[in-house]
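Each chain is listed here by its residues.
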Amino acid sequence: MLGESQYIEGQTDTIYALTTGATPSGVAVVRLSGDKSWQIARTLSKNLPENIESHRAYFTSICDPQNEEILDEGLLLFFANGKSYTGEQTCEFQVHGSAVVVRDLCSALNSQGARSALRGEFTFRAFVNGRIDLTQAEAVLELIHSESSKEARASLNNLRGILSKNITEIEAELVRILAHVEVGIDFTEERLDHSVESDFLSQIEELSKQIGTILSNYRQSKLVKTGLRVGLFGAPNAGKSSLFNQILGRERSIVSKDAGTTRDYVEAEMLFRGIKLRLIDTAGLHETSDLVEAQGVQRAQDLKKDVDLKVLVFDASLFLNGSSSSRSQINLDCMQHENESLQLSDWVTSQFTQLASDEIVVVHKSDLLSQQERIKILGIFKAMSGERELLFVSSLSGEGVKSLSELIAKSGNVSLDETDFMIQSRHADALMQAKRALLEAKTSLDEGLGPECAALDLRIALDQIQRILGKTFNDDILNHVFSEFCIGK
Ligand SMILES: Nc1nc2c(ncn2[C@@H]2O[C@H](COP(=O)(O)OP(=O)(O)O)[C@@H](O)[C@H]2O)c(=O)[nH]1
Ligand SMILES: [Mg+2]
């Protein structure tokens, strides 16, 4: 665990770290940041001018200052105090991406009084030097680790300060209201004037609404970060595993003509239209005496409550009389001829009529159906489920697989757009606590408990809002934010 003390105590040290990925690589960048970075860098570099300019690259031979041995040739980039990522004087060495060169360069820097940086220490310095606030520091980490375009863009928005701007506006409004309420405490012995009080009430309400709007991004942020969980459910042999593989574009789940092949669920990640999808293939939902399979079925049932979207897969041959090979006539008028295949019709009927908004219906193995049969199925489906969409899909021919992915992405409603930002659980917790405190302040004013009580709650709300920005912080917050960083960022 990293502590505040570790960062703060070593705050005046000049620190270095490899900031690029694993060696060997084309180029490796070693960053050196702190008061002494130029003084140290020049002891290693040959032929540099006396006065170097900020934001310029200089070609140089890099030597071990102890024995003058040349370690490599490369570029030295110089950033003046106040003009770098960390806000401190910074030098960056761009050298050949060799593990040996990097090791020798780092040990030369060490011999000149610099020390190896802690995890996220460059970003921490950017934070304490006021280059970025805490949400922006978090955004750096989020951007580096983003796994989908949506996540990367939204994190970049945080880094560019869009979330900070929203939070800072709330902070400013809170400070303003608090100042007025506190003036009320100082200057009146009596209770606040009624009209002033109702002004405060409406301002607090407005602020609560603003916080609510920011919080509404939380669900979207979670979906973008963890991915949309989509389960494929249906009877054994409906072709769930085949469809799962088709959507993924690889053979991940075992396909077999024998029912009950998929016993446990299989989960795999994929990207579609910049969205992360977590696709889950499940065991067929049916009664079984096989104990292992029964557990799989139970897990599939449990998963139904735990996914963001359910794809209900129906075997097209269900709609054909008898087996899938008998295609003479469709048993679509099942509601009228219930005796012919009573169990099946009841089941299909109940599924189609009780569709929830997070369920997508697929008639699979559509290669088995004629045009006429499709029209009839559509007719029945419409009659039972209204305006819902029905997809004909075949893993064999590939029909409808793309449309299904499109519908999944659309139904998931992962719609962060250009102006949206990511809300992490730390932000959401603080926003919820701030909202609760505002409600308390409102109750205090409503019930005539006086401005002192309201001011107390407004202070709690303000503290929570300032925690988001990092204006107040403690070891826990720093640990939470910076311990997940890698060394070199
Ligand atoms: N005609 C046809 N058969 C399919 C299709 N998809 C799967 N099958 C067959 O249906 C059987 C069951 O497939 P599987 O994916 O294991 O079904 P699951 O039990 O629902 O996972 C296998 O024999 C597959 O070859 C399809 O699109 N068309
Ligand atoms: Mg299967």
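Shown above is the structure to which this text applies.
What counts, and at which threshold
- Residues numbered from 1 in each chain as written.
- Chains lettered and ligands numbered in written order.
- Predicted model: local features only at pLDDT ≥ 70, side-chain atom pairs only at ≥ 80, totals over all residues.
- Heavy atoms only, no water.
- Near = heavy atom within 4 Å.
- Polar contact = N/O pair within 3.5 Å; in protein donor to acceptor, adjacent residues only side chain to side chain.
- Areas by Shrake-Rupley, 256 points an atom, 1.4 Å probe, with all protein chains shown as cover.
- 1 Å grid on protein atoms, 1.4 Å probe; cavity = no way out; pocket = protein on both sides within 12 Å on 5 of 7 lines; lining within 4 Å.
- Sits in = over half its atoms within 2 Å of the grid points.
- Helix = DSSP H or I, 4+ residues; strand = E, 2+ residues; numbered from the N terminus.
- Nonpolar A, V, L, I, M, F, W, Y, C, P; charged D, E, K, R; others polar.
- Pairing = 2+ DSSP bridges.
- Contact = heavy atoms within 4.5 Å.
- Axes fitted to C-alpha atoms, helices over the stretch in contact; angles between N-to-C directions.
- Salt bridge = Lys/Arg side-chain N within 4 Å of Asp/Glu carboxyl O.
- Points joined across faces, edges and corners; volume = space filled by probe spheres on them.
- Core = buried A, V, L, I, M, F, W, Y, C linked by side-chain atoms within 4.5 Å.
- Buried < 20%, exposed > 50% of the residue type's maximum accessible area, 1.4 Å probe, protein only.
- Phe/Tyr/Trp six-rings, centres within 6.5 Å; stacked < 30°, edge-to-face > 60°.
- Lys NZ or Arg CZ within 6 Å of the ring centre and 35° of its normal.

Engineer: Would you take a moment to explain the site of ligand 1 for this structure?
Structural biologist: Taken together, 18 residues form the shell around ligand 1, and within it Gly-239, Lys-240, Ser-241, Ser-242 and Asp-367 come nearest. Contact between ligand 1 and Gly-239: an oxygen atom at 2.8 Å from a main-chain N or O atom of the residue. Within the side chain of Ser-241, an N or O atom sits 2.8 Å from an oxygen atom of ligand 1. Contact with the protein chains removes 83% of the 580 Å² of surface that ligand 1 exposes when unbound. The site holding ligand 1 turns out to be the largest pocket. Considering each element in turn, the shell around ligand 1 owes the most residues, 3 residues, to helix H10 (residues 240-248). Taken together, the residues of the shell around ligand 1 sort by class into 6 nonpolar, 8 polar and 4 charged.

Engineer: What is the right way to look at the sheet that holds strand E5 (residues 90-97) in this model?
Structural biologist: Adjacent strands of a sheet pair through backbone hydrogen bonds, lying either parallel or antiparallel. Taken in spatial order, the 6 strands make up an open sheet running E3-E4-E5-E2-E1-E6, and their pairing is mixed. This sheet does not close on itself; its edge strands, each paired only once, are strand E3 (56-63) and strand E6 (115-116). Sheet topology places strand E2 (residues 25-33) next to E5; 8 bridges connect them, and they run antiparallel. Residue pairing for E5: Ser-33 is matched across the bridge by Thr-90. Where helix H2 (residues 37-44) meets the sheet, it contacts E2, E3, strand E4 (70-79) and E5, and its direction lies at approximately 35° from that of E5.

Engineer: Explain the pairing of E3 to me, please; I cannot follow it from the model alone.
Structural biologist: Note on strand geometry: in a regular strand, side chains alternate between the two faces of the sheet. For E3 and E4, the ladder comprises 8 bridges, and the chain directions are antiparallel. When the sheet's bridge partners are listed, Ala-57 is paired in E4 with Leu-77. Between the antiparallel neighbours E3 and E4 lie 6 residues, among them Glu-68 with a positive phi of about 65°.

Engineer: So what exactly am I meant to see when it comes to the pattern of salt bridges here?
Structural biologist: Summed over all chains, the structure comprises 26 salt bridges. The closest approach of N and O atoms between Lys-165 and Glu-169, which form a salt bridge, is 3.2 Å. Of this pair, Lys-165 and Glu-169 both sit in helix H7 (residues 162-187), 4 residues apart, which is roughly one turn of the helix. A salt bridge links Arg-459 to Glu-182, with the nearest nitrogen and oxygen atoms 3.3 Å apart. Residue Arg-459 is found in helix H16 (residues 451-469), and its partner Glu-182 is found in helix H7; the two are separated by 277 residues along the sequence. Several salt bridges converge on common partners, so that one network encompasses Asp-13, Glu-88, Arg-115, Glu-121 and Arg-125.

Engineer: Would you mind showing me how to read the layout of surface pockets here?
Structural biologist: Which parts of space are left empty comes out when a probe the size of a water molecule is rolled across the atoms. Its boundaries defined by the atoms lining it, the largest pocket holds a volume of some 470 Å³. Taken together, 29 residues make up the lining of the largest pocket; nearest its centre are Gly-239, Ser-242, Val-255, Ser-256 and Lys-365. The leading source of residues in the lining of the largest pocket is H10, at 5 residues. Here the residues of the lining of the largest pocket sort into 7 nonpolar, 15 polar and 7 charged.

Engineer: Would you mind showing me how to read the nonpolar core here?
Structural biologist: If you look at soluble globular proteins, the nonpolar side chains tend to sit buried side by side. Within the largest apolar cluster, 33 residues are counted, with the highest numbers of intra-cluster contacts made by Leu-174, Leu-431, Leu-458 and Ile-465. Taken together, the elements giving at least two residues each to this core come down to H7, helix H8 (194-215), helix H15 (425-446) and H16. Discounting chain neighbours no more than four positions away, the residues touching Leu-174 are Leu-207, Leu-438, Leu-458, Ala-461, Leu-462 and Ile-465. With 32 residues, the next largest nonpolar core counts Val-230, Ala-238, Ile-247 and Leu-309 among its residues.

Engineer: Sorry if this is basic, but what is going on with the packing of aromatic side chains here?
Structural biologist: The geometry of an aromatic ring pair is captured by two quantities: the separation of the ring centres and the angle between the planes. One pass over the structure, following the stated rule, counts 11 aromatic pairs. Measuring from centroid to centroid gives 5.9 Å for Tyr-7 and Phe-482, while their planes differ by 55°, and the two rings are tilted. In this pair, Tyr-7 sits in helix H1 (residues 4-9) while Phe-482 sits in helix H17 (residues 475-482), placing the two residues 475 residues apart along the sequence. Here Tyr-7 and Phe-482 have matching classes, each one buried. Of the aromatic side chains, those joined through ring pairs into one cluster are Tyr-7, Phe-124, Phe-127, Phe-473, Phe-482 and Phe-485. The cationic tip of Arg-374 hangs over the ring face of Phe-392; the distance from NZ or CZ to the ring centre is 5.2 Å. Stacked on the ring of Tyr-85, the Lys or Arg Lys-489 has its end atom at 4.4 Å from the ring centre.

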